[in-house]
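Structure assessment
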Amino acid sequence: MKISLLNFSNKQTGMRPALLHLAIASALALVSHVTLAQDKAEIIIKGKISDYATNQSLPGASIYIEGTSNGATTDANGDYSIVITDPNATLVFSFVGYDTEKRQVGGQTTIDVALIPSLEMLTQIVVTGYGEQKKTDITGSVSSLSPTTYKDQPVVTTSEALQGRIAGVSVQNVSGAPGGEVKIRVRGMNSINSSNDPLYVVDGVALFSAGLGDINVNDIESIEVLKDASATSIYGSRGSNGVVLITTKKGKADHTKVEYNSFVSFNTVRKKYDLLDAVGYAKLANHIAGSDIYPDPDALAGTGTDWQDVIFRTSVTQSHQLSASGGTEKTRYYISGYYVNQPGIIINTNQKKYALRSNIDTKLSEKINLSVGLFVSHQNSHNNTDAGDGGVSMVTPTVSWGPTESIYSSPGVYNRTSATGSPISSNPYMTAKERLNDAKSNTFLMSSTLKYDITDWLSYDLVLGVNANLGSSAYLTNHWISPTNPSSGQSSSESYTLQNSNIVTFHKMFNDIHDVKVTGVVEETSNTYKGISANGGGLTSETNGYYNLSLNKTQSISSSYSNWGLLSYVGRLSYVLKDRYLFMATYRIDGSSKFQGSNKWGYFPSIAAGWRLSEESFIQDLNVFTNLKLRGSYGKTGNQAVTPYSTLGLLDKSQSSYGTTTLYPGYTVGNPSNPNLKWETTIQTNVGLEMAFLNGKLSATIDYYVKNTKDLLLSKPIPYYDGGGSTLVNLGKVQNRGLEVSINGNIIETEELSWTTGLNVTSYKNKVVSLGGDDIINLGYQARGLVNTNIQVVKVGEPLGAFYLIPWQGIYQQNEGTHTAGEAKYEDVSGNGTIGSEDRKIAGTSTPKFTFGFNNNVRYKNFELNIFIQGSEGNKVFNATYAAISASNSTVKYPTLAAAADYWTPENTDAKFADPASLNKTQIESTQFLQNGSYVRLKNISLSYSLPKDMLKFASLKLTVSAQNLLTITDYIGFDPEITSTGLSTTGTSDAYGGFDIGAYPTAKSLSVGLQATF
């Protein structure tokens, strides 16, 4: 049967004739197109790509055919070859740090291109405090951080973004609680008693009432860290601990963008202690007690409570951010809002955050510009005051309660205390579920800048700033936690900081070789704090929670108020000759209301010089360096971190019955006046070298510094015969020395594949030089009952955070004198024949020898992989939690640690622990429980995929899967070597403490899924 293709009937094909004709026509057109394409001749285009200014070849430059993915790269000589089929094709030429060029082939077979270094790279602007500078002109040690380095990570706080990414900046997440405290140090620790926190400045306004944790990390455009005296002296009395400058995002003219960022994280405890099961625990308890507390331990097999499983949970964190930006040439805007819900990995802990930001920039006239930034946030924290220190920690009871204990003694009734009396703490599940401690924080930030360009070389900036925090907290201790004395309380506080900065800037070029910039500043800052607290005991009814304090039988109330002011005058001169010889001098005068008389005023000069060697012909002739700069600086900064009224003589509230049955209020002499108290002063010397190779594809920065801090603000005891108490004095010296190395590379840069890497290493040494004639200061001690003497001291010649412990020498293998085989053995340092606190000696420090961060980003087509590794080396941690559960002691009689069953017997002489039944006391304050806190951590690994743009016409979409803290390599036996229970503001301890773990809230490992949509 003969069938014509054009005569199919509807019955034969099931298609309408019109559709059939269209299909056949399309098929014929496709065949024709393919035939024509096969007939096109291949054209080979060759050429060379070089630097426009130096004529140096650019190896690794990219060439691709516009509208396609076909491309090539230049070889070691900058030569390339690419095949095209369309003689009218357009070639795109690009290289890192250079402007992209496009060339139409137009019949050519050889196309040489000289790329022009991008203006952004040549004139990259860096915020340096009260102004900006070209990166090439900077003479101080300033490090910059761009959000691109952490853009695919589920970062919640700014401190997370900083950790491990900037040389000389140490970030320690000391608590894993939601919103837990973070310790940030720039170039070590200067002060013994005062704060070592850096100064945080957001959009030109210094933070006092608000903190770094209040800032929305998604709003940040850039972060600059000022480290040496040349950079920080511009902030005078507040710059000795370094300065962190944060610039928030702004809108771009004629570029409207709406962006949504979200992630969900699943968080679990990083590791758990290996603890005894019910059978092993019962056998060990019987051995220690010398009697059958548990008549048949083997009968407990398969029973018991895993307290770690009960207390720790998988929590789910949510983060959502929506922003919009854009504007015109006259007015630009950036508006954002975010919400974070972060439950903790310990049950019944949580934090929620809400925030809004609005940044408006408008051109009022040809010479006047106005910028206004507003930020408000609200934060709710629930049971997050868990830093450790035994008293409020959930962690130590969790690992020390025996597995033979049950949660409930009967249905609905908690098993409050252990039947064996070990440990002495209450049921951890009961405490976790029944405790109630809520805190709320409302933060407001405002920064406004009015800029008047008087001429093209003279300008005036008026900066007005406000940062305020309204906080409140409340607690209820119910009858489960405190059966005999339930209680409740509330407190609230208000803190307001006002700043007024007047900045005049002269900037002019003379004869095309003299670049002169002069800045003058007059600034006023004031802070007001108010607080009130009310609490009571003997609560008669828990129905109203913590709201009706009048139901407490005993009540107390207190209030506080403080006000301080700072008046500052600043001058800065910057001079650049021939774009290669750099000079800067800064002088700041600060007047603080915290000091008296002439000591109110502090004077902080600095000087710096630099030489751009890469601009010299003898360096250019080497054809090695793209950039080479040598710089050095010297200067003085201060620290006025004492509370207001510290120099005044104060009275202390007291009560006396005067021999009657009634107490009468009164006052006694408190700390005496000290009008001679003055600033702590830090003098710093810095030498730096900046290098770039291979046309900027590889760069390195090396800095060496020495910081000497004198006139330390210390609290000195006053003898009782002289009235007692203490007074602040200027006493002692501390030195910090360090080497910082940063290496960054664009290893591969093509159209489809790129690989960028960054490594920073910081090595530093801290030493107490003088204590004003004393050799040692004994510090207070934590975890009383478990630890019975101080285990850390401040000692001349040693770093801050030095441990002071009895040397542990193992286990007696045979009877020696009064000691029997199986007892713990210690060094008799004092030689008095007994072991006690007099046998302590220096045994290491909580300060690491060096820290590092290693960040890698690999992109292939639409996929991007990030691997970030971070670590610390050389620091020690005293693991008091481990001590509590491994040796019989006054708080935990029967150890729960699995390894505790490995104790000495005549048949087990190679045991890990001494015989716990021995009458010889285990010295908790010994080196046996001092552990290596060094670690290497896979901080983040993430894989992102960007959907092709032609799939979603209305938006670009990126999906990310990531893991945080997935792998930690460490010898530390506890939950985490990074966490600590001391050296925090929440525990009222300084940096002289640190590396002490008594139930600190563990950090989590997380698996996250993220989404970014841009419209």
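Rules used throughout
- Every chain is numbered on its own, with residues counted from 1 as its sequence reads.
- With the structure being a predicted model, the display of local features is reserved for residues of pLDDT at least 70 and the display and counting of side-chain atom pairs for 80 or more, all residues being used for whole-chain, interface and lining totals.
- To get the side-chain values, all heavy atoms of the structure are used, and hydrogens and water are removed first.
- Just to be clear on terms, a salt bridge is a Lys or Arg side-chain nitrogen sitting within 4 Å of an Asp or Glu carboxyl oxygen.
- Strands here mean DSSP runs of E at least two residues long; helices mean DSSP runs of H or I at least four residues long; both are numbered from the N terminus.
- Each residue is placed in one exposure class: buried if its accessible area under a 1.4 Å probe, protein chains only, is under 20% of its type's maximum, exposed if it is over 50%, and partly exposed if it falls in between.
- UniProt positions are given in the numbering used here, feature names are shortened, and annotations may be inferred rather than shown by experiment.
- Note on definitions: the grid is 1 Å and covers protein atoms alone; a cavity is a set of points where a 1.4 Å probe fits but cannot get out; a pocket is an open set with protein on both sides within 12 Å along at least five of seven lines; lining residues have an atom within 4 Å of a point.
- Grid points are joined across faces, edges and corners, and a volume is the space filled by probe spheres set on the points.
- Polar here means any residue other than Ala, Val, Leu, Ile, Met, Phe, Trp, Tyr, Cys and Pro, which are nonpolar, and Asp, Glu, Lys and Arg, which are charged; Gly is therefore polar.
- Two strands are said to pair when DSSP picks up at least two bridges between them.
- Each polar contact in these results corresponds to two N or O atoms within 3.5 Å; when the atoms are within protein, one needs to be able to donate a hydrogen and the other to accept it, and residues that are neighboring in sequence are counted only if both atoms are side-chain atoms.
- Any two residues whose heavy atoms approach within 4.5 Å at even a single point are treated as in contact.
- For patch detection, residues must exceed 30% relative accessible area and be free of salt bridges, and they are connected within 9 Å for like charges or within 5 Å for nonpolar side chains (Val, Leu, Ile, Met, Phe, Trp, Tyr).
- Note on areas: Shrake-Rupley, 1.4 Å probe, and residue coverage restricted to the protein chains presented here.

Turning to the pattern of salt bridges, a few remarks are in order. Per the stated rule, a full pass over the model turns up 29 salt bridges. The shortest N-O distance in the salt bridge between E740 and R187 comes to 2.8 Å. Of this pair, E740 sits in strand β38 (residues 733-749) while R187 sits in the loop between β12 (182-186) and β13 (199-202), and the two are 553 residues apart along the sequence. The pair formed by E740 and R187 is uniform in burial state, with each residue classed as buried. Of the charged contacts, one joins D976 and R937 as a salt bridge, the two residues approaching to 2.8 Å between their closest N and O atoms. Residue D976 is found in the loop between β51 (956-970) and β52 (996-997), and its partner R937 is found in strand β50 (residues 935-946); the two are separated by 39 residues along the sequence. Classification of D976 by relative accessible area gives buried; the value is 0%. The class for R937 is buried, based on a relative accessible area of 0%. Through salt bridges that share partners, K183, R185, D197 and D991 make up one connected network.

Mapped onto the present numbering, the UniProt feature "domain: TonB-dependent receptor plug" (unreviewed entry) falls at residues 135-243. Along residues 135-243 the backbone is 8% helical and 26% strand, and the end-to-end C-alpha distance reaches 17 Å.

A few words now on empty space enclosed by the protein. Counted under the stated rule, the structure contains six cavities of 30 Å³ or more. Of the pockets and cavities examined, the largest cavity occupies roughly 510 Å³. Lining the largest cavity are 38 residues, and of these S170, Q172, Y764, S846 and P848 sit closest to its centre. Every element with two or more residues in the lining of the largest cavity is listed here: β11 (169-173), β12, β39 (753-770), β46 (850-860), β47 (863-873) and β48 (876-879). When the residues that make up the lining of the largest cavity are grouped by side-chain class, the tally is twelve nonpolar, 21 polar and five charged.

As a further point, take the pairing of strand β25 (residues 458-477). Direction of pairing for strand β24 (residues 436-453) relative to β25: antiparallel, over a ladder of 18 bridges. Across the sheet, residue D438 finds its bridge partner in β25, namely A474. Hairpin remark: β24 followed by β25, antiparallel, with four residues in the connecting loop. Bridge analysis of β25 against strand β26 (residues 487-510) gives 20 bridges, and the strand direction is antiparallel. Its bridge partner lying in β26, G471 is registered against S493.

Another aspect to go through is the pairing of strand β31 (residues 625-639). Across seven bridges, strand β30 (residues 601-612) lies against β31 in antiparallel orientation. Of the residues in β31, the one forming a bridge with I607 is Y634. Bridging between β31 and strand β34 (residues 680-693) involves 14 bridges; their strand directions are antiparallel. Bridge pairing links N627 to A692 in β34.

On to the side chain of N599. Within the element layout of this structure, N599 appears in the loop between β29 (581-592) and β30. There is a polar contact of 3.3 Å between the side chain of N599 and the backbone oxygen of N676. Leaving out residues up to four positions away in the same chain, N599 has contacts with P675, N676, L677, K678 and W679.

Turning our eyes to something else, we now look at a nonpolar patch on the surface. A cluster of nonpolar side chains, F266, V316, V936, L966, L967, I969 and L1007, forms an exposed patch at the surface whose accessible area comes to about 610 Å². Of all the elements, β51 adds the most residues to the nonpolar patch, at three residues. Checked against the element boundaries, V316 lands in strand β18 (residues 315-327). Judged by its relative accessible area of 35%, V316 is partly exposed.

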